[in-house]
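Residue-level structure breakdown
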Amino acid sequence: MINVAILGYGTVGGGVADVLFENAATIGSRVGEELNVKYILDIREFPGDRFEAKITKDFNAILADPEIKVVCETMGGLKPAYDFTKALLEAGKSVCTSNKELVAAHGPELIQIAKDHNCMYLFEASVGGGIPIIRPLLDCLTAEEIDEITGILNGTTNYMLTRMDREGCDYDDVLKQAQEKGYAERNPEADVEGYDACRKIAILASLKYQKTVNYEQIYTEGISKITKEDFDYAGLLNRSIKLLGMCKEIGEKKYAMVAPFLLDEENPLYAVNGVFNGILVHGNMVDNVMFYGRGAGKLPTASAVVSDVVEAAKNQGVASSVIWSAEKLTLNSKDDLEFKYLVRMKGNPAASGFEKIFEDAKELDAEIIAGEYAFVTPVMKEGDFLEKYASLPDAIKFIRVK
Ligand code: HSE
């Protein structure tokens, strides 16, 4: 029997206990030994809960218990998760986490501590919830030069954008509905401003480059300025709007960014709707590989944490093999990247002379809002686009076209 502890009995921690309990026989046969949840750490009381007898407030009891080999950190946040994780790894106990904030901020350090103490720091659930993406990147796509990873990495914003697209909802209404459904937090900033997607693409980019991509270095634009009128323009182009996190390598240059993009049906991510996430990986041999599933939620996220528990339990005494060095990777400016752009303008096209600034731009042939028009630029470097865009006095906004 292998004893396991769970730190944090919230949504994901509760899901981990449920998955280990419900699928105990199958999980046990895969590990080769039964897994037993010995402790669940939480500061709250859970009277009547089926795991009430296992709940403790004493972290040190878990740390000091030699029977505990694997710990699930499902607390979230940096404090005290960072200190607890470090102490557990230093004690040779493997830690499996869903905590993307901690992985993005301290991943390489914690992986190194795990290596030094012959245990593992595993974080499958930190990106894409229940979607297997970390292990496939590290263990399956090993023959590939991966040149691009692009993902819909946030379920809340994808739910909101899908409703705006399909039902013509206003941003504020759909945000309220997302909050009522429990997808968006009362303070929705981390989701709607793209910070959550930014941390997730920082983790994927760090694994791709095997060095640390600091999330603060990644240009991040959320969806809070996207309106239902933008979807009307997108419809004219047979496109939808999706919040994408991407990292891309062109020659020696390395890029990462998060922003809303107009996608057409040819793009596999176009079909990723509602709270689902999708991650498209492009390798030089395999071409496109797509990972799709529930990017959030109790049981899907817990399933990914437990898959790491199985990995750690099967490999006790084996050091983490993840290559993610603490050396910082300097990203190139996104201004080198090339896109088309949808530009919304006030006034009338004849008077503005936009074609002199954007040669070969195509005006959209329909009036969505009185007194407005829009055009799509040819493919151009972001830096060149921004310079020209700044010279348009009547510009309202632009959205990148992928
Ligand atoms: N708030 C996140 C989302 C939860 O909506 O995708 C999963 O990381």
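Counting restarts for each chain, with residues numbered from 1 along the sequence as it is written. Where totals are concerned, whole chains, interfaces and linings use all residues; where local detail is concerned, this predicted model gives features only for residues with pLDDT of at least 70, and gives and counts side-chain atom pairs only at 80 or more. Processing note: side-chain calculations cover all non-hydrogen atoms of the structure and skip hydrogens and water entirely.

With that settled, consider the overall build of the chain. A run of H or I in DSSP becomes a helix once it reaches four residues, and a run of E becomes a strand once it reaches two; helices and strands are each numbered from the N terminus. Of the regular secondary structure elements, the chain holds 15 helices and 17 strands. Its C-alpha radius of gyration of 23 Å places the chain within 12% of the 21 Å reference for a compact globule of 402 residues. Viewed in the frame of its principal axes, the chain has a C-alpha envelope of about 75 × 45 × 35 Å. Between buried and exposed lies partly exposed: a residue is buried under 20% and exposed over 50% of the maximum accessible area for its type, with that area taken using a 1.4 Å probe on protein chains only. Classification of the 402 residues of the chain by burial places 53% in the buried group. Of the roughly 17,700 Å² of accessible surface on the chain, 47% is carried by carbon and sulfur atoms. In this charge count, Lys and Arg are treated as positive and Asp and Glu as negative; neither His nor the chain ends contribute. Every charge is mapped to an atom, namely NZ of Lys, CZ of Arg, CG of Asp or CD of Glu. Placing the 44 positive and 62 negative side-chain charges of the chain at their respective mean positions leaves the two points 2 Å apart. The size measure is the radius of gyration over C-alpha atoms, and the globule rule it meets is 2.2 Å times the number of residues to the 0.38 power. What sets the accessible areas is the Shrake-Rupley method with a 1.4 Å probe; for residues, cover comes only from the shown protein chains.

By definition, a salt bridge exists where a carboxyl oxygen of Asp or Glu is found within 4 Å of a side-chain nitrogen of Lys or Arg. If you walk through the whole model with that rule in mind, you get 27 salt bridges. We note a salt bridge from Lys 100 to Asp 196, for which the minimum N-O separation is 2.9 Å. Separated by 96 residues along the polypeptide, Lys 100 in helix 5 (residues 100-116) and Asp 196 in helix 10 (residues 195-209) bring together distant segments of the chain. By relative accessible area, which is 28% here, Lys 100 ends up partly exposed. Given the relative accessible area of 7%, Asp 196 is considered buried. Between Asp 230 and Lys 397 there is a salt bridge; the shortest N-O distance is 2.5 Å. Taken as a pair, Asp 230 in helix 11 (residues 228-236) and Lys 397 in strand 17 (residues 395-401) lie far apart in primary sequence, 167 residues in all. Across the pair, Lys 397 and Asp 230 agree in class, each one buried. Connected through shared salt-bridge partners, Glu 221, Lys 334, Asp 335, Glu 382 and Arg 400 make up one network.

In a packed pair of helices, the relevant descriptors are the angle between the two axes and the axis-to-axis distance. Axis geometry follows a simple rule: fit a line to the C-alpha atoms, using only the stretch in contact for helices, then measure angles between N-to-C directions, giving values from 0 to 180 degrees. Where helix 7 (residues 155-167) contacts helix 8 (residues 171-180), the axes come no closer than 9 Å and their chain directions differ by 135°. Classed by the angle they form, the pair helix 7 and helix 8 counts as oblique. Seen along the crossing, helix 7 lies across helix 8 with a hand that is right-handed. Packed against helix 7, whose contacting residues are Thr 156, Tyr 159, Met 160, Arg 163 and Met 164, the element helix 8 presents Tyr 171, Val 174, Leu 175, Gln 177 and Ala 178 at the interface. In this scheme, roughly parallel covers angles under 35 degrees and roughly antiparallel covers those over 145, while 65 to 115 is roughly perpendicular and the rest are oblique. We call a crossing left-handed when the near helix sits turned anticlockwise from the far one by less than a right angle, and right-handed when that turn is clockwise. Note on contacts: a residue pair qualifies if any of its non-hydrogen atoms lie within 4.5 Å across the two residues.

Residues of helix 4 (residues 81-90) that are buried include every one of Ala 81, Tyr 82, Phe 84, Thr 85, Leu 88 and Leu 89, and no others. The arc enclosing the buried residues of helix 4, seen along the axis, measures out at 165°, which places them on a common side. Positioned one or two residues after helix 4, Gly 92 has a phi angle of 80°, which is positive. Directions pointing from the helix axis toward each C-beta atom define the arc.

Turning to the site of the ligand, a few remarks are in order. Definition of nearness: a residue and a molecule or strand are near each other if at least one heavy atom of the residue lies within 4 Å of the molecule or strand. The ligand sits among Lys 100, Asn 154, Gly 155, Thr 156, Asp 191, Asp 196, Lys 200, Gly 295 and Ala 296. Polar contact is the term for a pair of N or O atoms within 3.5 Å; when the atoms are in protein, one must be able to donate a hydrogen and the other to accept it, and sequence-neighboring residues count only if both atoms are side-chain atoms. Contact between the ligand and Asn 154: an oxygen atom at 3.5 Å from a side-chain N or O atom of the residue. Lys 200 is positioned with one of its side-chain polar atoms (N or O) 2.8 Å from an oxygen atom of the ligand. When isolated, the ligand has an accessible area of 260 Å², and the protein chains bury 80% of it. Every element with two or more residues in the shell around the ligand is listed here: helix 7 and helix 10. Among the residues making up the shell around the ligand, the classes are represented as one nonpolar, four polar and four charged. Three classes are used: nonpolar for Ala, Val, Leu, Ile, Met, Phe, Trp, Tyr, Cys and Pro, charged for Asp, Glu, Lys and Arg, and polar for all others, with Gly counted as polar.

Quick look at the sheet that holds strand 2 (residues 35-41) now. The strand order across the open sheet formed by six strands is 3-2-1-4-5-6, and the pairing between neighbours is parallel. Strands at the two margins of the open sheet, each flanked by one partner only, are strand 3 (55-56) and strand 6 (121-122). Here two bridges tie strand 5 (residues 94-97) to strand 6, and the two strands are oriented parallel to one another. Bridge pairing in strand 6 places Val 95 opposite Tyr 121. What makes two strands pair is DSSP finding at least two bridges between them.

Turning our attention to the environment of Lys 86. With respect to the element layout, Lys 86 can be found in helix 4. Among the residues examined, Lys 86 registers a relative accessible area of 26% and is labelled partly exposed. For the pair formed by Lys 86 and Ala 114, sequence separation is 28 residues and the distance between their alpha carbons is 8.6 Å.

Turning next to the packing of aromatic side chains. Ring geometry is summarised as follows: Phe, Tyr and Trp rings, the Trp one being its six-membered ring, pair when their centres sit within 6.5 Å, and such pairs are stacked at plane angles under 30 degrees, edge-to-face over 60 and tilted between the two. For the structure shown, the criterion picks out 18 aromatic pairs. Their ring planes at 5° and their centres at 3.8 Å tell us that Phe 59 and Phe 84 sit as a pair that is stacked. With Phe 59 in helix 3 (residues 59-64) and Phe 84 in helix 4, this residue pair connects regions lying 25 residues apart in the sequence. You'll find Phe 59 and Phe 84 in the same group, each marked buried. In textbook terms, an aromatic cluster arises when at least three aromatic residues are bridged by ring pairs, as seen for Phe 261, Phe 339, Tyr 341, Phe 354, Phe 358, Tyr 373, Phe 375, Phe 385, Tyr 389 and Phe 398. Here the basic side chain of Arg 199 rests over the ring of Tyr 215, its NZ or CZ set 4.2 Å away from the ring centre. The rule is short: NZ of Lys or CZ of Arg within 6 Å of the ring centre and within 35 degrees of the ring normal puts a charge over the ring. Looking at Lys 334, its charged tip hangs above the ring of Tyr 219, at a distance of 4.5 Å from the centre.

The subject of this paragraph is the domain arrangement of the chain. Many structure descriptions define interface size as the accessible area lost when the parts assemble. Domain start and stop points were drawn from an automatic or database domain assignment. In terms of domain boundaries, the chain breaks down into domain 1 (2-129 + 298-314), domain 2 (134-294) and domain 3 (334-401). A straight line from the C-alpha centre of domain 2 to that of domain 3 covers 24 Å. Carbon and sulfur atoms supply 74% of the area that domain 2 and domain 3 bury against each other, a total of about 1,800 Å² over both sides. Residues Arg 344 and Asp 230 are paired through a salt bridge, measuring 2.6 Å at the closest nitrogen-oxygen approach. Our count for the domain 2 to domain 3 interface comes out at seven residue pairs in polar contact (both at pLDDT 80 or more). By buried area we mean the combined loss of accessible area, with a 1.4 Å probe, across both parts when two parts are placed together.

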